[in-house]
Amino acid sequence: MRAVRMTAPGVLEHTEVPTPQAGPGEVLLRVGAVGACHSDLHILDAPAGVFPVPMTLGHEIAGTVDTVGAGVDGWSPGDRAAVYGIIGCGRCRACLRGEENRCRVIPVGGIGLSRDGGLAEYVVVPASRLLPVGDMDLTRAAPLTDAGLTPYHAVELARPRLRPGTSCVVIGIGGLGHMGLQILLATTAVRVIAVDTNTAALELAGRLGAHHTVQAGPDAVEKIRELVGPAPDGADVVLDFVGAQPTLDTARQVVATGGQILLVGLAGGTLPVRPVADEPPPVPLETGVVVPFWGTRAELHEVIALARDGRLHADVHTFPLAEAPQAYEALRRGEVRGRAVIVP
Ligand code: NAD
Ligand code: ZN
Ligand code: ZN
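An unreviewed UniProt entry annotates the protein chain as Alcohol dehydrogenase, propanol-preferring of Micromonospora marina. Taken directly from UniProt, the Sequence similarities (unreviewed entry) text for the protein chain runs: "Belongs to the zinc-containing alcohol dehydrogenase family."

Focus on the environment of His313
Turning to its location among the elements, His313 is positioned in the loop between α9 (297-308) and β15 (316-320). Between the C-alpha atoms of His313 and Gln182, which are 131 residues apart in sequence, the distance is 8.1 Å.

Let's talk about the coordination of the zinc ion (ligand 2)
All of the protein donors around the zinc ion (ligand 2) are Cys37 (SG), His59 (NE2) and Asp146 (OD); their distances to the metal are 1.8 to 2.3 Å. All donors of the zinc ion (ligand 2) come from a single chain, and their spacing in sequence reads C-x21-H-x86-D. Separated by 109 residues along the polypeptide, Cys37 in the loop between β3 (26-35) and α1 (38-45) and Asp146 in the loop between α3 (138-141) and α4 (149-158) bring together distant segments of the chain. The residues Cys37 and Asp146 share a single accessibility class, namely buried.

What to know about the site of ligand 1
Taken together, the neighbourhood of ligand 1 is formed by 28 residues, with His38, Ser39, Asp196, Trp294 and Arg339 sitting nearest. Val264 places a main-chain nitrogen or oxygen 3.2 Å from a nitrogen atom of ligand 1. Between ligand 1 and Leu266 there is a distance of 2.9 Å, counted from an oxygen atom to a backbone nitrogen or oxygen. A total of 870 Å² of accessible area belongs to ligand 1 in isolation, and the protein chains cover 88% of it. Broken down by secondary-structure element, the contributors of at least two residues to the shell around ligand 1 are α1 and α5 (175-187). Tallied by class, residues from the shell around ligand 1 come to 13 nonpolar, 11 polar and four charged. Residue assignment places the shell around ligand 1 across two domains, with domain 1 (2-146 + 294-343) and domain 2 (149-290) each supplying three or more.

Thoughts on the UniProt feature "domain: Enoyl reductase (ER)" (unreviewed entry) in the protein chain
In the numbering adopted here, UniProt assigns the feature "domain: Enoyl reductase (ER)" (unreviewed entry) to residues 10-342. Annotated as 27% helix and 24% strand, the span residues 10-342 places its first and last C-alpha atoms 19 Å apart.

Details of the sheet that holds strand β9 (residues 167-171)
One open sheet accounts for six strands, arranged β11-β10-β9-β12-β13-β14; its pairing is parallel. Of all strands in the sheet, those bounded by a partner on one side alone are β11 (212-215) and β14 (288-290). Direction aside, neighbouring strands of the sheet carry axes that sit 15 degrees apart on average. One ladder, built from four bridges, connects strand β10 (residues 191-196) with β11; its direction is parallel. Across the sheet, the residue bridging to Asp196 is Gln215, located in β11. Of the strands in this sheet, β10 and β11 touch helix α6 (residues 199-208), which is tilted by about 175 degrees from β11.

With respect to the pattern of salt bridges
Considering all chains together, one arrives at 13 salt bridges under this definition. Close ionic contact of Arg129 with Glu100 constitutes a salt bridge, the shortest N to O distance being 2.8 Å. Taken together, the residues Arg129 in the loop between β7 (122-126) and β8 (130-132) and Glu100 in the loop between α2 (93-96) and β7 connect sequence positions 29 residues apart. Glu100 carries the same exposure label as Arg129, and that label is buried. Salt-bridge contacts for Asp249 lead to Arg252; the nearest nitrogen and oxygen are separated by 3.3 Å. Here Asp249 pairs with Arg252, and both are found in helix α8 (residues 245-254), just three residues apart, close to one helical turn.

With respect to the nonpolar core
Judged by nonpolar contacts, the single largest core of 85 residues is most densely connected at Leu119, Leu130, Leu184, Leu239 and Ile342. Two domains each put at least three residues into this core: domain 1 (2-146 + 294-343) and domain 2 (149-290). Discounting residues that sit within four places of it in the chain, Leu130 has contacts with Val27, Leu29, Val65, Trp75, Ala81, Ala82, Val83 and Val125. Membership of the second largest hydrophobic core comes to 18 residues, among which are Val195, Ala220, Val238 and Val255.

So, the coordination of the zinc ion (ligand 3)
Octahedral metal centres with six donors ideally show angles of 90 or 180 degrees, and tetrahedral centres with four donors ideally show 109.5 degrees. The protein atoms that coordinate the zinc ion (ligand 3) are Cys89 (SG), Cys92 (SG), Cys95 (SG) and Cys103 (SG), at distances spanning 2.3 to 2.4 Å. What the four donor atoms of the zinc ion (ligand 3) show is an angle range of 105 to 117 degrees at the metal, which sorts the shape as tetrahedral. Each donor residue of the zinc ion (ligand 3) belongs to the same chain, with the gaps between them written as C-x2-C-x2-C-x7-C. Residue classification places Cys92 among the buried residues on the basis of a relative accessible area of 9%.

Side note on the pairing of β7
The buried count for β7 comes to five of five residues, which makes it a mostly enclosed element. Alignment of β3 against β7, held across five bridges, turns out to be antiparallel. Bridge pairing in β7 places Glu26 opposite Pro126.

Focus: α8
Inspection of α8 places Thr247, Leu248, Thr250, Ala251 and Val254 among the buried residues, and these make up the whole buried set. The buried residues of α8 occupy one face: seen down the axis, they fall within an arc of 160 degrees. On its buried face, α8 sits against β9, α7 (220-228), β12 (235-240) and β13 (255-263).

Notes on the packing of aromatic side chains
In total, this model carries one aromatic pair according to the counting rule given. Ring centres of Phe293 and Trp294 lie 6.0 Å apart, and the angle between their planes is 75 degrees; this geometry places the pair in the edge-to-face category. When its relative accessible area of 28% is taken as the criterion, Phe293 is described as partly exposed.

Calculation rules
Along each chain, residue indices are assigned from 1 in the same order as the chain's sequence is written. Chains carry letters from A onward and ligands carry numbers from 1 onward, assigned in written order. Since the coordinates come from a predicted model, pLDDT governs what is reported: local features require at least 70, and pairs of side-chain atoms require 80 or more to be given and counted, while whole-chain, interface and lining totals use all residues. Only heavy atoms go into the side-chain values, all of them from the structure, while hydrogens and water stay out. UniProt positions are given in the numbering used here, feature names are shortened, and annotations may be inferred rather than shown by experiment. Under the DSSP-based scheme used, a helix requires at least four consecutive residues in state H or I and a strand at least two consecutive residues in state E, with every element numbered from the N terminus. For Na, K and Ca the donor cut-off is 3.2 Å; for every other metal, N, O and S atoms count as donors within 2.8 Å. Water does not enter the count, which can leave sites looking incomplete. Between buried and exposed lies partly exposed: a residue is buried under 20% and exposed over 50% of the maximum accessible area for its type, with that area taken using a 1.4 Å probe on protein chains only. Proximity is defined per residue: if any heavy atom of the residue lies within 4 Å of a molecule or strand, that residue is considered near it. Polar contact criterion, stated in full: a pair of N or O atoms within 3.5 Å, where within protein one must be able to donate a hydrogen and the other to accept it, and residues adjacent in sequence count only if both atoms are side-chain atoms. Exposure was quantified through the Shrake-Rupley algorithm and a 1.4 Å probe, taking into account, for residues, occlusion by the shown protein chains and nothing else. Lys, Arg, Asp and Glu make up the charged group, whereas Ala, Val, Leu, Ile, Met, Phe, Trp, Tyr, Cys and Pro make up the nonpolar group; the residues left over, Gly among them, are polar. Delimitation of the domains relies on an automatic or database domain assignment. Any two strands with at least two DSSP-identified bridges between them are counted as paired. The axes used here are C-alpha line fits, helices contributing only the stretch in contact, and every angle between their N-to-C directions lies in the interval 0 to 180 degrees. Contact between two residues is taken to exist if any of their heavy atoms lie within 4.5 Å; hydrogens are not considered. Note on definitions: salt bridges are taken to be side-chain nitrogens of Lys or Arg within 4 Å of carboxyl oxygens of Asp or Glu. Each nonpolar core is a collection of buried residues, namely Ala, Val, Leu, Ile, Met, Phe, Trp, Tyr and Cys, held together in the definition by side-chain atoms within 4.5 Å. Irregular is the default label, applied whenever a site is not tetrahedral (four donors, all angles between 85 and 135 degrees) and neither square planar nor octahedral (four or six donors, opposite donors over 155 degrees apart, all other angles between 65 and 115). Arc definition: directions from the helix axis to the C-beta atoms. Centre distance within 6.5 Å is the pairing criterion for rings of Phe, Tyr and Trp, where only the six-membered ring of Trp is used; planes under 30 degrees apart are then read as stacked, over 60 as edge-to-face, and the remainder as tilted.

Structure representation (structure tokens):
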């Protein structure tokens with residue numbers, strides 16, 4: 001079968017590999033669509049030894065069951081499913097609570113992260129990772145599994161603060177951000193302020209219903225402050241889907257006293273939190289900082305329900321498998337709006 005693999009750090013190749021077979025408890029899925037996540041670029045950029053090579057990338061997968069391995073109940077060839085990408089140990093305290101994104105044994109285990117992913121014609125996944133998607137378009141289903149799930153989980157963590165009359169600043173309206181925006185609008189009554197460097201991303205945010213849009217730049221903090229009020233007031237929640245130095249600095253300068261920063265993006269940079277005597281505090285008092293990771297299977301079920309009920313739509317741009325490397329280059333250059341989705 002054809003697959004797009006990381007063959008060495010930084011090297012992505014469209015190549016031929018043997019079609020895998022489903023072992024006991026596993027399913028062979030014919031891949032219908034795979035989202036191109038910015039994390040794949042971080043995986044490609046990571047130093048040797050952090051991720052296995054060669055490895056087929058792609059952790060945002062939807063497809064159709066081709067064959068089922070021994071002992072698999074409840075799934076048959078032809079069934080359509082989204083893939084919950086995390087594979088926890090299944091035995092630790094967190095996994096037993098259904099919080100496999102907090103597994104105490106396997107920190108970042110998953111399909112396309114620690115074993116072959118979905119940028120291929122077929123992928124083998126444990127049957128327990130599949131969630132039904134009914135007749136939903138698979139190109140719209142695939143982004144739900146990460147671009148939808150990760151912001152949904154972040155919003156769940158922030159939910160106690162997301163009350164009517166509060167403001168949430170969403171930084172980075174890309175794959176995750178454009179879904180996070182819709183999740184906020186569909187499941188809370190907060191005022192949403194969308195921030196991005198890219199005007200096309202801000203236009204998308206406006207179309208999706210953001211109450212305000214702010215161009216990132218030197219005067220962004222001032223513009224956001226006009227909307228959320230002067231310190232010690234501010235945004236009750238900041239969702240940072242970039243995580244670069246300028247966005248971390250914006251986040252800490254606009255968050256309210258007692259507010260929360262959810263640091264989802266992995267671009268780099270430092271968020272100082274420790275107060276130093278005689279200096280203005282780096283974050284307001286009582287600020288909570290959370291570093292969310294992906295989400296739970298139960299949350300993915302809820303994300304799929306939101307999409308099936310018409311409250312959450314991935315804005316997708318499709319590429320054939322052979323053009324996956326070009327899709328990632330476009331993502332790197334910041335030219336993708338919504339989600340680039342690869343269709344093998
Ligand atoms: P993306 O490239 O689709 O979107 C990024 C958006 O941020 C773009 O719209 C871009 O214009 C905007 N942006 C870039 N620099 C900016 C700046 N300085 N100020 C404001 N906006 C800026 O990326 P994505 O796939 O949505 O992923 C976003 C981040 O989240 C990545 O770092 C990714 O690795 C990370 N991620 C984390 C998790 C997790 O579990 N924590 C899961 C998935 C992705
Ligand atoms: Zn991802
Ligand atoms: Zn575990």
